[in-house]
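Per-entry structural report
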Amino acid sequence: MADFTIISDVSNEVLKLLREELCPELIPSPESIALAAPTDKNADFQMGLYLYDIQELREYQQVDMIRLTGSRAQYPPRLLTLYYAVYINSRSQMMSTPENEQRILGRVSQALMDRAALQGAAAKGETAPSMTLQMLSFEEKTRIWSVLSVPYQLGVYFQAAPVILSSRRTREFKRVVDADFTAEQIGR
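Criteria and thresholds
- Residues numbered from 1 in each chain as written.
- Predicted model: local features only at pLDDT ≥ 70, side-chain atom pairs only at ≥ 80, totals over all residues.
- Heavy atoms only, no water.
- Helix = DSSP H or I, 4+ residues; strand = E, 2+ residues; numbered from the N terminus.
- Buried < 20%, exposed > 50% of the residue type's maximum accessible area, 1.4 Å probe, protein only.
- Contact = heavy atoms within 4.5 Å.
- Areas by Shrake-Rupley, 256 points an atom, 1.4 Å probe, with all protein chains shown as cover.
- Pairing = 2+ DSSP bridges.
- Axes fitted to C-alpha atoms, helices over the stretch in contact; angles between N-to-C directions.

A short note on the overall build of the protein
What the protein contains, in helices and strands, is 3 helices and 8 strands. For the protein, the succession of helices and strands along the chain, N to C, is α-β-β-β-β-β-α-β-α-β-β. Put simply, the protein has 188 residues, and 40% of those count as buried. Taking the intrachain contacts of the protein between residues at least 6 apart in sequence as the baseline, contacts between residues at least 24 apart amount to 72%. By element, 50% of the accessible surface of the protein is carried by carbon and sulfur atoms, the whole surface being about 12000 Å².

Following this line, the structure appears as structure tokens:
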């Protein structure tokens, strides 16, 4: 099961995918694509990957405890959805034309659709998170940017799910070691 690092692991897996797919053809170096918030004052990256929300997938909650060795059981994991925006850094020192930005975002969309499952982010035997493009209205997108007090920027919005986050809570249980049954025949 995935430990607390799973959110960072998924983000790094997406970052790795974007670097493989865009460099050096559209973006000169892998370091020009970064995990960064649009409010980041650093102008050393050309394209940012921003995790802007995390929500629990309640409709797929697991309720059964997971049996560990001995007489311990672990609480069930939680399934999460991670929401991302990929954007061109307007503060970047690398000048980019609107046509080039559209090519970059087109390639990002293509990469996310072509390699929808993040195999590297899944633990052995677990379902890999799938990436799907989000159908957000213009108002929803502008709300994301306005909360950050940053002017709206064109971007690609997608989600990764299910992301399985294990619980650290365990519980002791007592095993049934002896059972005594008696049977009686009741007359009519």
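A short note on the sheet that holds strand β1 (residues 33-35)
Taken together, the 5 strands give an open sheet; going across it, the order is β1-β2-β5-β7-β6, and neighbouring strands pair in mixed fashion. Two strands lie at the open edges of the sheet, namely β1 and β6 (130-133), each paired on one side alone. In this sheet, neighbouring strand axes are inclined to one another by 25° on average, regardless of whether the strands run parallel or antiparallel. Pairing geometry for β6 and strand β7 (residues 155-165), over 4 bridges, is antiparallel. Within β7, the residue paired with Leu 133 across the bridge is Phe 158.

Read these as geometric descriptors, not functional statements.
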